[in-house]
Amino acid sequence: MSLLIRNGRIVTAVDDYHADIFVEDETVSLIGRDLEVEADRTIDAAGRLVMPGGIDPHTHMDMPFGGTTSADDFETGTRAAAFGGTTSIIDFAIQTKGHSTLEGLETWQEKAAGKAGIDYGFHMIVTDMEDDRLWEMRRLADEGVTSYKMFMAYPGVLYVDDATLFRAMRQAGEEGGLVCMHAENGIAIDEIVKLALAAGNTAPKYHALTRPTRMEAEGVHRSIAIAEVAGVPVYIVHVSCADALEEVRLARAREAQVFAETCTQYLFLDLSHYDHEDFEGAKYVMTPPLREKWNQEQLWRGLGLGDLRSVSTDHCPFSFKDQKVLGIDDFSKIPNGGPGVENRMSLVYNGGVVGGRLSVNKFVDLTSTAAAKLFGMFPKKGTIAVGSDADIVIFNPDRRETISVDNPHTHHMNVDYNAFEGIEVQGISEIVISRGRVVVEDNVWHGRAGGGNFLKRGLFGGPY
C-alpha cells in the first residue's frame, strides 16, 4: 500500500523542515513540498512532528532470569513498544554456558519469529568463549549479529572473567564488531550482599545499598581499559550514575572508542522509590539500581554533551504480584528488571525537549539515529530519507497524558504496574508506521504478530 503524509514538520537528527512524504513498497520514495502523487491513503500531519521511528537498543523479551521469565514476550513487548513510538528493538540472545552461541541465536530466533510486531535484531550475550569457538563470532556477524554483550556482574550465571573478556573482545575487534558491557564489579558486590543478608537486611532497598556507584564506576573503568588493549570499540550499557559517567567522559576525552547509554529509569526515578511500604520497593529492583536523585542532572548533561549516546530502557518486566514476590524474604532473589519500552519516547521528549535540556533534533538522535549508526542499521533505519525504511512516527508535541497502569493510552505492557506511575508527560506518539504499514492509530493496534522483520545488521561503522 502507498501512503502520503502531508503537511508535517519533518524532524531528523539533523533536519527540521515542512514537507510531504510519499511511501511505497515499505520505503520512503519521495519527499517534497505539495507532492502531486496518487496514494492509497493520505494522512494529514499538520501540527505534528514527523520523525523516524524510535529504536530501543536494549530490551529483554521472554528472558529467563531468577527462576522465572520476563513478563513480555516478543508479541506483547513489541506491540507495547509500537504504541510508544518505537519501531525497532535490539534484544539479547543468550549463549548457555558451555554451549554454542549459534545455538543461543537459534533459540532466540524461535522466540521472536511469528510474534514480533515490529522489526528486531539481536546482540549476543557471551557467557564463555574458548579459543576453539572464536570462529563463531565470524558466523554471528555473517548472520547479522554484530554486537556482543558480556557481564562483569552475576557470578555463576552470566559473569565472565577478564581472560574471557579479553579473548572475546580481541576477536570481536578483528571481526569489526562492537562489544556491549554490563559493567559492575560483581565479585565484590556479591560479598557486600552476603554481609547485608547476614545482618538481617532483606528489604528491597538493600538491593541498591549493596551495589554502590563506585562498583559500577570500577567496572566501567576496567572494561574500557581491557577494550582499549584488545582493540575493540565498547558500548557501556545502562549507565546509572555520575561516577560511571565520569569514567566514560575521561575515556572519550582521550579519544578512546567508547560509547554509552543511559535508561529512562535513571533519568526519572531515584533511590527514594525503594522506601515504598508493603514490599512495593521491589518494583524498582533492577541492575544497576536507582541512584540518588542528584545523579539525574549529571546524566542529562551527559546526553546533551554526547558522552551518553543513546537512551534505552533495559525493558525486562516482572509482574509484582507473582514474580517480584519471589524475593519477599530476600532482596537478592527478587527478579531484576522493570518495564519501560512503551514510555521511553514520551518521557525523553518531556524531560528533554519540553524541559529545555535537549533540542528536538537531539531528541531524535538519542531515541533513534545514534542507535541506528552504532549498531549497523543506518540509513535504512534511524532517519527519514529517500530509500530508508518507512518507519515513521507522527508525534503530537502538545498532547499530555499521565502515565499509569490504568491509563489505556500509556500502558500496553504485559505487567501489573508501571514504573513511571503518575508522571505527566507532554508529547505522545499518535500514529506509528512500520515499513509503510500503520501499526498504531487512535490507540488501536493495527499491526500483527509476526509482522516484524529480523534486522540483519552491518558491522560497526567507525567513530561516531
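Every value quoted in this text rests on a predicted model; they were computed, and no experiment measured them.

(A) Expanded view of the pattern of salt bridges. Tallying each qualifying case throughout the model produces 35 salt bridges. Its salt-bridge partner being Arg79, residue Glu75 comes within 3.8 Å of it at the nearest N-O pair. Taken together, the residues span about one helical turn, with Glu75 and Arg79 both in helix 1 (residues 74-83) at a distance of 4 residues. Put simply, Asp131 and Arg167 hold a salt bridge, and the shortest N to O gap is 3.5 Å. Of this pair, Asp131 sits in the loop between strand 10 (119-125) and helix 3 (135-142) while Arg167 sits in helix 4 (residues 162-175), placing them 36 residues apart in sequence. Connected through salt bridges with shared partners, the residues Glu26, Asp119, Lys380, Lys381, Asp389, Asp391 and Arg435 form a single ionic network.

(B) Up close: the pairing of strand 1 (residues 3-11). In the sheet, strand 1 pairs with strand 4 (residues 41-44) via 4 bridges, with the strands oriented parallel. Paired with Ile5 across the strands is Ile43, a residue of strand 4. Across 7 bridges, strand 1 lies against strand 2 (residues 16-24) in antiparallel orientation. Looking at strand 2, one finds that Leu3 is bridged to Val23. Where strand 1 meets strand 5 (residues 49-52), 2 bridges bridge the pair, whose relative direction is parallel. By the bridge assignment, Arg9 is partnered in strand 5 with Leu49.

(C) Focus on the state of the cysteines. In this structure the tally under the stated criterion is 0 disulfides. Considering cysteine sulfurs only, Cys263 is the nearest to Cys180, which forms no disulfide, with 12 Å between them. Assessed through its relative accessible area of 1%, Cys180 is described here as buried. The closest cysteine sulfur to the non-disulfide-bonded Cys263 is located on Cys316, 12 Å from its own sulfur.

(D) Highlighting the packing of aromatic side chains. Considering all chains together, one arrives at 16 aromatic pairs under this definition. Between Phe259 and Phe460, the aromatic rings sit 5.6 Å apart at their centres with planes inclined by 55 degrees, giving tilted as the arrangement. With Phe259 in strand 14 (residues 258-263) and Phe460 in the segment after strand 19 (444-445), this pair connects stretches of sequence that are 201 residues apart. Exposure class is identical for Phe259 and Phe460. Each is buried. Grouping aromatic residues by their ring pairs yields a cluster made of Phe74, Tyr120, Phe122 and Phe454.

Criteria and thresholds
Residues numbered from 1 in each chain as written. Predicted model: local features only at pLDDT ≥ 70, side-chain atom pairs only at ≥ 80, totals over all residues. Heavy atoms only, no water. Salt bridge = Lys/Arg side-chain N within 4 Å of Asp/Glu carboxyl O. Helix = DSSP H or I, 4+ residues; strand = E, 2+ residues; numbered from the N terminus. Pairing = 2+ DSSP bridges. Disulfide = S-S within 2.5 Å. Buried < 20%, exposed > 50% of the residue type's maximum accessible area, 1.4 Å probe, protein only. Phe/Tyr/Trp six-rings, centres within 6.5 Å; stacked < 30°, edge-to-face > 60°.

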